[in-house]
Amino acid sequence: MDNILVTGTAGQIGSELVPALRDNYDGDTVIAGWNKTPLSEDILETGPNVVLDVTDFNALEKIVRDFKVGTIFHMSSILSATAETIRTIAHDVNINGTFNILECAYLNGLEKVILPSSIAAFGDKTPRTRTPNDTIQNPDTVYGISKVFGELMGNYYHSKLGLDVRGIRLPGIISWKTEPTAGTTDYAVAMFYEAIRKNSYECYLAPDTALPMMYMPDAINALIKLYQADSQVLIHHSDFNIHAMTFTPDDLAREIMKINPRFEISYKIDPVRQSMADSWPISLDDSKAREEWGWEPEYTIQDLAEDMYLNLTKKLS
Ligand code: SER
């Protein structure tokens with residue numbers, strides 16, 4: 001097996017994906033690619049790392065050749081809320097960067113590219129409940145448009161050029177190791193931080209905003225399981241729905257109150273993030289992922305709340 005390169009290792013998912021891949025495979029074969037944000041000690045000490053700017057094709061190609069890369073997990077991305085404020089950089093990273101990854105993988109004969117998409121790839125004309133896998137996609141955000149680009153180009157490289165590109169549409173991901181702040185669903189992580197630090201949180205989404213969410217171990221499991229799936233059984237490629245749970249800020253606050261009865265929530269709506277959330281699915285039909293590669297989530301909102309609270313309390317103390 002050739003080596004695995006992960007882009008965006010310092011990010012919320014990359015920082016947990018690299019250790020999981022190193023646990024599953026030989027640590028020396030998993031290269032942690034990072035750009036501006038430094039890596040944590042555990043990642044630096046358990047395998048190789050490289051500074052990688054995905055917008056620079058020549059630098060990317062040199063890394064792919066030097067490290068004998070066979071698979072890329074392309075995790076670097078500018079998330080939804082930030083992408084609205086820095087469109088040029090978001091276009092460069094999310095669209096040009098993704099194109100560079102695919103083109104470089106094709107030209108250098110790589111085995112696979114794992115390209116995560118998002119619930120943001122849908123829009124206000126998409127059915128919002130049990131959103132079908134194959135349906136109308138009309139996102140009106142820079143981030144969502146870039147994710148549709150990745151899905152379509154991933155499928156193009158697969159069908160026209162024979163490159164094995166695979167992707168899942170990730171919901172809001174809840175985790176305690178690396179704090180996410182650039183997305184719309186990140187209120188759910190912030191609520192835990194503030195509940196532990198000050199027993200209160202002011203939420204930027206309305207109390208009844210229902211969105212699909214997932215605990216990090218399920219997201220990591222999904223990425224690795226899709227990577228390992230037999231290519232003969234896949235009908236879809238870069239555009240799998242996966243679903244774990246749906247909750248609102250009010251639902252999550254109630255779960256946190258069960259653990260910390262002093263916790264109080266208040267609301268001050270941010271119209272930009274609220275309108276994004278209102279255009280995204282509430283739940284997804286993930287039967288294609290279940291049928292084609294055996295996707296199955298483990299964590300419920302109760303499991304997630306208890307595990308998050310415990311681990312974050314330890315981390316912050
Ligand atoms: N979590 C992402 C965001 O809020 C959606 O994929 O930007």
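Since the structure is predicted, the reported quantities are computational estimates derived from the model, not experimental observations. (Residues numbered from 1 in each chain as written. Predicted model: local features only at pLDDT ≥ 70, side-chain atom pairs only at ≥ 80, totals over all residues. Heavy atoms only, no water.)

Student: Please explain empty space enclosed by the protein as it appears in this structure.
Tutor: If a probe as big as a water molecule is rolled over the atoms, it shows which places are left empty. Summed over all chains, the structure comprises one cavity of 30 Å³ or more. Computed from the structure, the largest cavity encloses a volume of approximately 120 Å³. Along its surface, the largest cavity is lined by 13 residues, and Thr98, Leu115, Pro116, Lys147 and Gly150 are the ones closest to its centre. Every element with two or more residues in the lining of the largest cavity is listed here: α5 (87-107) and α6 (142-161). Tallying contributions element by element places α6 first for the lining of the largest cavity, with four residues. Partitioned by chemical class, the residues of the lining of the largest cavity number two nonpolar, nine polar and two charged. (1 Å grid on protein atoms, 1.4 Å probe; cavity = no way out; pocket = protein on both sides within 12 Å on 5 of 7 lines; lining within 4 Å. Points joined across faces, edges and corners; volume = space filled by probe spheres on them. Helix = DSSP H or I, 4+ residues; strand = E, 2+ residues; numbered from the N terminus. Nonpolar A, V, L, I, M, F, W, Y, C, P; charged D, E, K, R; others polar.)

Student: Even after reading the chapter, I still don't get helix α3 (residues 57-66), so can you show me in this structure?
Tutor: The periodicity of an α-helix, 3.6 residues per turn, causes residues three or four positions apart to be oriented the same way. Along α3, the residues that are buried comprise Leu60, Glu61, Ile63 and Val64. Within α3, the buried residues cover an arc of 160° as seen down the axis, which keeps them to one side. Exposed positions of α3 whose direction lies more than 90 degrees from the buried face are Asn58, Lys62 and Arg65. Residue Asp56 occupies the N-cap position of α3, its side-chain oxygen lying 3.3 Å from the main-chain nitrogen of Asn58. At the C-terminal side of α3, Lys68 shows a positive phi close to 50°. (Buried < 20%, exposed > 50% of the residue type's maximum accessible area, 1.4 Å probe, protein only. Arc of directions from axis to C-beta. Polar contact = N/O pair within 3.5 Å; in protein donor to acceptor, adjacent residues only side chain to side chain.)

Student: What exactly am I supposed to notice about the nonpolar core here?
Tutor: General note: in soluble globular proteins, nonpolar side chains tend to be found buried as a group. Counting residues in hydrophobic clusters, the biggest one holds 61 residues, and the most contacted among them are Leu5, Ile174, Tyr187, Phe192, Phe247, Leu252 and Leu304. Take this core: its biggest share by element is eight residues, from helix α7 (residues 187-198). Once residues within four sequence positions are removed from consideration, Leu252 is found in contact with Tyr187, Ala188, Met191, Phe192, Phe247, Ile301 and Leu304. Ile13, Val30, Ile43 and Phe73 belong to the second largest nonpolar core, which has 36 residues in total. (Core = buried A, V, L, I, M, F, W, Y, C linked by side-chain atoms within 4.5 Å. Contact = heavy atoms within 4.5 Å.)

Student: What exactly am I supposed to notice about the packing of aromatic side chains here?
Tutor: Each aromatic ring pair is summarised here by two numbers: the centre-to-centre distance and the angle between the ring planes. Considering all chains together, one arrives at eight aromatic pairs under this definition. When the ring of Tyr25 is compared with that of Tyr227, the centres are 6.0 Å apart and the planes differ by 80°; the resulting orientation is edge-to-face. Here Tyr25, found in the loop between α1 (14-24) and β2 (30-34), pairs with Tyr227, found in helix α8 (residues 216-228); they are 202 residues apart in sequence, far enough to count as distant. Comparing Tyr25 with Tyr227 shows no difference in burial state: the two are buried. (Phe/Tyr/Trp six-rings, centres within 6.5 Å; stacked < 30°, edge-to-face > 60°.)

Student: I tried to follow helix α12 (residues 301-316) on my own but got confused; where do I start?
Tutor: Here α12 spans 22 Å end to end across 16 residues, near enough to the 22 Å set by a 1.5 Å rise per residue. Regarding α12, the residues found buried are Ile301, Leu304, Ala305, Met308, Tyr309, Asn311 and Leu312. Packed against the buried residues of α12 are β9 (172-174), α7, β11 (211-215), β13 (245-247) and α9 (249-259). (Expected span 1.5 Å × (residues − 1).)

Student: Would you mind showing me how to read the packing of α7 against α12 here?
Tutor: Each packed pair of helices is defined by two parameters, the angle between the axes and the distance between the axes. At a minimum axis distance of 10 Å, the contact between α7 and α12 shows a crossing angle of 55°. In terms of axis orientation, α7 runs oblique to α12. As α7 runs across α12, the sense of the crossing is right-handed. Contacts between α7 and α12 involve Val189, Phe192, Tyr193, Ala195, Ile196 and Arg197 on the former and, on the latter, Leu304, Ala305, Met308, Tyr309, Leu312, Thr313, Lys315 and Leu316. (Axes fitted to C-alpha atoms, helices over the stretch in contact; angles between N-to-C directions. Parallel < 35°, antiparallel > 145°, perpendicular 65-115°, else oblique. Left-handed = near helix turned anticlockwise from the far one by under 90°.)

Student: Honestly, the site of the ligand in this entry has me stumped. Any pointers?
Tutor: Lining the immediate environment of the ligand, one finds Leu79, Ser80, Ser118, Tyr143, Leu170, Gly183, Thr184, Thr185 and Trp280. Within the side chain of Ser118, a nitrogen or oxygen atom sits 2.6 Å from an oxygen atom of the ligand. Calculation on the ligand without its partners gives an accessible area of 240 Å², and the protein chains cover 94% of this total. For the shell around the ligand, the per-class residue count stands at four nonpolar, five polar and no charged. (Near = heavy atom within 4 Å. Areas by Shrake-Rupley, 256 points an atom, 1.4 Å probe, with all protein chains shown as cover.)

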